[in-house]
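# Observations on chain architecture
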Amino acid sequence: GEAADQLRKVSQDKAKLETQAAALVQTVEKLTASLQTARAALNEARREASRAVIERDAILVDAEKAKSEATHKVVEQGRAMEAARREAEQDKHSRDSAARSAAQHL
């Protein structure tokens, strides 16, 4: 009797432990899968961040180029306006001189 009871108790304990072990294995497998999913998401986020940084740098380079082109155009326009002003002044002087010499001949 008593040995049989002990044997039954041992086999019940063994069954309980096996059930718990199986549950632990399942939990570990789920955690492993979750970890892999999280790693994949993290890697994807890193790639996205790298792409965003590369895009931002390209945009900054383009903006810098556009700014320097605009500055160059403004400088060129300023020079052109200055040249036109000088030319207009010379024309006025020429006209004034011509008018003076014409007046002297009257």
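As a starting point, this report considers the structure included with it.

What counts as what
Residues numbered from 1 in each chain as written. Predicted model: local features only at pLDDT ≥ 70, side-chain atom pairs only at ≥ 80, totals over all residues. Heavy atoms only, no water. Helix = DSSP H or I, 4+ residues; strand = E, 2+ residues; numbered from the N terminus. Rg over C-alpha atoms; globule rule 2.2 N^0.38 Å. Buried < 20%, exposed > 50% of the residue type's maximum accessible area, 1.4 Å probe, protein only. Areas by Shrake-Rupley, 256 points an atom, 1.4 Å probe, with all protein chains shown as cover. Lys, Arg positive; Asp, Glu negative; His and termini not counted. Charge placed at Lys NZ, Arg CZ, Asp CG, Glu CD. Salt bridge = Lys/Arg side-chain N within 4 Å of Asp/Glu carboxyl O. Polar contact = N/O pair within 3.5 Å; in protein donor to acceptor, adjacent residues only side chain to side chain.

### A closer look at the overall build of the protein
- Each helix and strand counted, the protein has one helix and zero strands in total.
- The C-alpha atoms of the protein give 45 Å as radius of gyration, which overshoots the globular expectation for 106 residues (13 Å, by more than 25%).
- Here the protein holds 106 residues, and 0% of them are scored as buried.
- Element-wise, carbon and sulfur atoms account for 60% of the exposed surface of the protein, whose accessible area totals about 9600 Å².
- Across the protein, the mean location of the 19 positive side-chain charges is 1 Å away from that of the 18 negative side-chain charges.

### Section: the pattern of salt bridges
- Taken as a whole and assessed by the stated rule, the structure comprises eleven salt bridges.
- A salt bridge links D57 to R56; the nearest nitrogen and oxygen atoms lie 2.9 Å apart.
- On the basis of relative accessible area, D57 is assigned to the partly exposed category, the value being 34%.
- Here R56 falls in the partly exposed class, since its relative accessible area comes to 47%.
- With a shortest N-O distance of 3.3 Å, K92 and D96 are connected by a salt bridge. Remark: D96 and K92 occur in helix 1 (residues 2-105); sequence separation between them is four residues, near one turn of the helix.
- On the accessibility criterion, D96 (30% relative accessible area) is partly exposed.
- A single network of salt bridges, built from pairs that share partners, joins E44, R47, E48 and R51.

### Remarks on the environment of E48
- Topologically, E48 is positioned in helix 1.
- Among the polar contacts made by the side chain of E48, one reaches the side chain of R51 at a distance of 2.5 Å.

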